[in-house]
Amino acid sequence: MHHPETTPTPSANGQRRLRRRALISAVALVAGAASLGIGAQAQAQDFPSRAINLVVGFPPGGSNDIVARILAPRLGELLGVPVVVVNKPGSNALIGTDFVARSAPDGYTITLASASPLVISPNTYSKMPFDPVKDLTGITSVAATPELIAVHPSVPANTLQELVALSRTREVTLSSSGNGGLPHLAIELLRTATSGRFMHVPYRGAGPAVTDTAGGHVNGVIMDLPALLGMVKEGKLRPLAITNQERSPALPQTPTSVEQGIPSLLAFNWFAVMGPAGLPRPIVERLHKALNETIRTPQVREALVSNGIDPMGSSTPDAFNAFMREELQRWGVVARASGARAD
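Conventions adopted
- Residues numbered from 1 in each chain as written.
- Predicted model: local features only at pLDDT ≥ 70, side-chain atom pairs only at ≥ 80, totals over all residues.
- Heavy atoms only, no water.
- Helix = DSSP H or I, 4+ residues; strand = E, 2+ residues; numbered from the N terminus.
- Buried < 20%, exposed > 50% of the residue type's maximum accessible area, 1.4 Å probe, protein only.
- Contact = heavy atoms within 4.5 Å.
- Areas by Shrake-Rupley, 256 points an atom, 1.4 Å probe, with all protein chains shown as cover.
- Salt bridge = Lys/Arg side-chain N within 4 Å of Asp/Glu carboxyl O.
- 1 Å grid on protein atoms, 1.4 Å probe; cavity = no way out; pocket = protein on both sides within 12 Å on 5 of 7 lines; lining within 4 Å.
- Points joined across faces, edges and corners; volume = space filled by probe spheres on them.
- Nonpolar A, V, L, I, M, F, W, Y, C, P; charged D, E, K, R; others polar.
- Expected span 1.5 Å × (residues − 1).
- Core = buried A, V, L, I, M, F, W, Y, C linked by side-chain atoms within 4.5 Å.
- Axes fitted to C-alpha atoms, helices over the stretch in contact; angles between N-to-C directions.
- Parallel < 35°, antiparallel > 145°, perpendicular 65-115°, else oblique.

Trainee: Could you clarify how one ought to interpret the overall build of the protein chain in this entry?
Mentor: Secondary structure assignment for the protein chain yields 11 helices and 10 strands. Among the 343 residues that make up the protein chain, the fraction classed as buried is 51%. At a minimum sequence separation of 6, the contacts of the protein chain that also span at least 24 residues come to 79%. A total of about 15700 Å² of accessible surface is found on the protein chain, and carbon and sulfur atoms cover 55% of it.

Trainee: Help me out: how do you make sense of the pattern of salt bridges in this one?
Mentor: When charged atoms on two side chains of opposite charge get close, those side chains can pair. The full count for this structure, using the stated rule, is 10 salt bridges. In this structure, R247 and E259 form a salt bridge, with 2.8 Å as the shortest nitrogen-oxygen distance. Here the residue R247 occupies a position in the loop between strand 8 (238-242) and strand 9 (268-276), and E259 occupies one in the loop between strand 8 and strand 9, the gap between them amounting to 12 residues. Judged by its relative accessible area of 39%, R247 is partly exposed. Among the ionic contacts, a cluster of salt bridges with common partners joins R281, E285 and D318.

Trainee: Help me understand the layout of surface pockets, please; the structure alone is not making it clear to me.
Mentor: Rolling a probe over the atoms, with the probe sized like a water molecule, indicates the empty space that remains. In this structure, the largest pocket occupies an estimated 210 Å³ of space. Taken together, 16 residues make up the lining of the largest pocket; nearest its centre are S91, N92, S177, Y203 and R204. The residue inventory of the lining of the largest pocket, partitioned by class, reads seven nonpolar, eight polar and one charged. Considering only enclosed or pocket space, the second largest pocket measures out at about 150 Å³ in volume. Residue lining of the second largest pocket: P146, N244, Q245, E246, R247, S248, P249, A250, V305, G308, I309 and D310, and that is the complete set. Grouping the amino acids of the lining of the second largest pocket by side-chain chemistry returns five nonpolar, four polar and three charged.

Trainee: Looking at this model, I keep getting lost on helix 6 (residues 182-194). Mind explaining?
Mentor: Residues spaced three or four apart along an α-helix point in a common direction, a consequence of the helix completing one turn every 3.6 residues. Compared with the 18 Å implied by 1.5 Å per residue over 13 residues, the 18 Å span of helix 6 between its first and last C-alpha is a close match. Along helix 6, 10 of the 13 residues are buried, which leaves the element largely enclosed by surrounding structure. Listed in full, the buried residues belonging to helix 6 are L182, P183, H184, L185, A186, I187, E188, L189, L190 and T194.

Trainee: Explain empty space enclosed by the protein here, please?
Mentor: Within the structure shown, the criterion is met by one cavity of 30 Å³ or more. By volume, the largest cavity amounts to about 130 Å³. The set of elements that each furnish at least two residues to the lining of the largest cavity consists of helix 2 (63-79) and strand 7 (220-224). Here the residues of the lining of the largest cavity are counted per class, giving six nonpolar, eight polar and one charged.

Trainee: Looking at this model, I keep getting lost on the nonpolar core. Mind explaining?
Mentor: Across soluble globular proteins, nonpolar side chains show a tendency to be buried alongside one another. Ranked by internal contacts, the top residues of the largest apolar core, which has 44 residues, are L118, V119, L163, L190, W270, M274 and W331. The element that contributes the greatest number of residues to this core is helix 6, accounting for six residues. Setting aside chain neighbours within four positions, we find W270 in contact with A113, S114, A115, L118, V119, A143, A144, M312, F320, F323, M324 and E327. Counting residues in hydrophobic clusters, the runner-up holds 35 residues, among them I70, L112, I139 and L304.

Trainee: Explain the packing of helix 9 (residues 281-296) against helix 10 (residues 298-306) here, please?
Mentor: Two numbers describe a pair of packed helices, the interaxial angle and the distance between the axes. At a minimum axis distance of 5 Å, the contact between helix 9 and helix 10 shows a crossing angle of 70°. In terms of axis orientation, helix 9 runs roughly perpendicular to helix 10. Counting all contacts with helix 9, which are made through T294, I295 and R296, the residues of helix 10 involved are P298, V300 and R301.

Note that every value here comes from positions in space, so none of it alone points to a role or purpose.
If you want it as structure tokens, here you go:
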């Protein structure tokens, strides 16, 4: 006669041993989790204990580089360690930003990023090496600046309206710091708003673009104001318009695009400090506090404003991240409407 198989019931001693093992395992898991938490907390409390690399994805001379070098000394004083500006240029700052995204999330490798790699390039490149929302940790915005439209002194245009009129009689070349960045989209906005014959001439960074325009090899340039201010003050470039609703204190005599009848031509760059994804919250908070204190320092504010840059902090890291997501969506609409592509 076949008897069905039965599972033996553990003895009372066996049951006690099983319960004891389960309890020991549970305690070990809790202790492990606690030690990880304590370790992260200790790391955050010790932060920073060595130099911090502030990566800039553009070459020297551009507005990102200017902002980083104004902030770094004071930020280092507040944190008690050197803050070293490291230029890793290429592909509208995608190379430098990707380097930071792939770095250890310990707070010692961060980036002074801007609108181009964070919200413009994701809408103009067919393939991105990183996701700005998923692969980076937003810490805070630090500054903002409008774009400036300027021309070589030989160009027969003293106002934005005259430049548009000229573009309807012949092609006008305008340089930028590269394909797919904010200046490129600003040129597309100008072309769309005026139906003018504006030809985009991309360069690898702001420095070469400004140099060639000042040398007369290109008719004009659209760029962040800080990158052009020096050449304007030297008389090597003629400023025509600030692409903002308000004039800049750095160039108070230069009217805005709105004043000159093109209200849709609004483009301003903003700068933010980002870290890799997974950056511990205490380190994020430490950097957020120090950065916002940095831009409140009178000497830093004065240096930024004199370069055509407005200090712009954020109340919390979460507030900055919400702003970045809004900007990502806004510039996506502009990029699709203009058809601007970086590749």
